Amino acid sequence: MVSDIAYCDLSLDPAYRARSFLEFDRDKERSIEFHSFSKSYSMQGWRVGFASGNADVIARLVKLKSNMDFGVFMAIQRAALAVLTGPQDYTAQVSATYRERRDAFLAAIQPLGYPIEPPRATIYVWLPIPRRYSSSSDFTRDLVEKAGVLVSPGAGFGAAGEGYIRIALCDTTERMKLAAERMVKAGMSY
């Protein structure tokens, strides 16, 4: 099993903790897990992370990577070490910010009737597209044209994403609320 657990530190529900596959495969016989610093520590684009799990798979990964690239710039490696060995309250602060944005957006679109369970650990909200649309791309186009709101069509994330749009919680709380209000004003109901 391979798991990408990049969002595990961004719990939007203080009572929720994302579980690692390695908790279930304690002997690391079947699993490998990838973690990125980009989400937990806001180091987007720095391309630093780590893998843990089955020793044989890790050894093969090291061999493969050593033939593909030449490592990460030393200053970035030092920054990554500093965040791992420093205070860990940063992720809780970032989680609180994303939670505030999520809650503001979801509260503002509530009149539109979308059936959605608030996400517990991510920086995105996935909304199902209204039944009257045949694709996430069509709905995305209408959102831009009618409401001035730009989102990602779910189809861009593979077949399982079709039928949804992805809203990034990466703007301010005020702008997240404004986007939702524009959707309401444009009548982009479910």
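Described in the following lines is the structure provided in the data block. Just so it is clear, the model here is predicted, and its values are computed rather than measured.

Right, let's talk about the packing of aromatic side chains for a bit. If you walk through the whole model with that rule in mind, you get six aromatic pairs. Ring centres of F37 and Y41 lie 5.7 Å apart, and the angle between their planes is 40°; this geometry places the pair in the tilted category. Take F37 and Y41: they sit in the same class, and that class is buried. Their ring planes at 75° and their centres at 5.4 Å tell us that W126 and F157 sit as a pair that is edge-to-face. Note that W126 is positioned in strand 4 (residues 124-128) and F157 in the loop between strand 5 (152-153) and strand 6 (164-168), a separation of 31 residues in sequence.

Ranked by size, the top nonpolar core spans 29 residues in total, and within it F105, I109, L127 and M183 carry the most contacts. When contributions to this core are tallied by element, the ones reaching two or more residues are helix 4 (90-109), strand 4, helix 5 (136-147), strand 6 and helix 6 (173-185). Top contributing element to this core by residue count: helix 4, with six residues. Among all residues touching M183, those that are not within four sequence positions of it are F105, I109, L112, Y114, L127, L143, A147, V149 and M188. Membership of the second largest hydrophobic core comes to six residues, among which are F37, M43, V48 and A80.

Rules used in this analysis
Residues numbered from 1 in each chain as written. Predicted model: local features only at pLDDT ≥ 70, side-chain atom pairs only at ≥ 80, totals over all residues. Heavy atoms only, no water. Phe/Tyr/Trp six-rings, centres within 6.5 Å; stacked < 30°, edge-to-face > 60°. Buried < 20%, exposed > 50% of the residue type's maximum accessible area, 1.4 Å probe, protein only. Helix = DSSP H or I, 4+ residues; strand = E, 2+ residues; numbered from the N terminus. Core = buried A, V, L, I, M, F, W, Y, C linked by side-chain atoms within 4.5 Å. Contact = heavy atoms within 4.5 Å.

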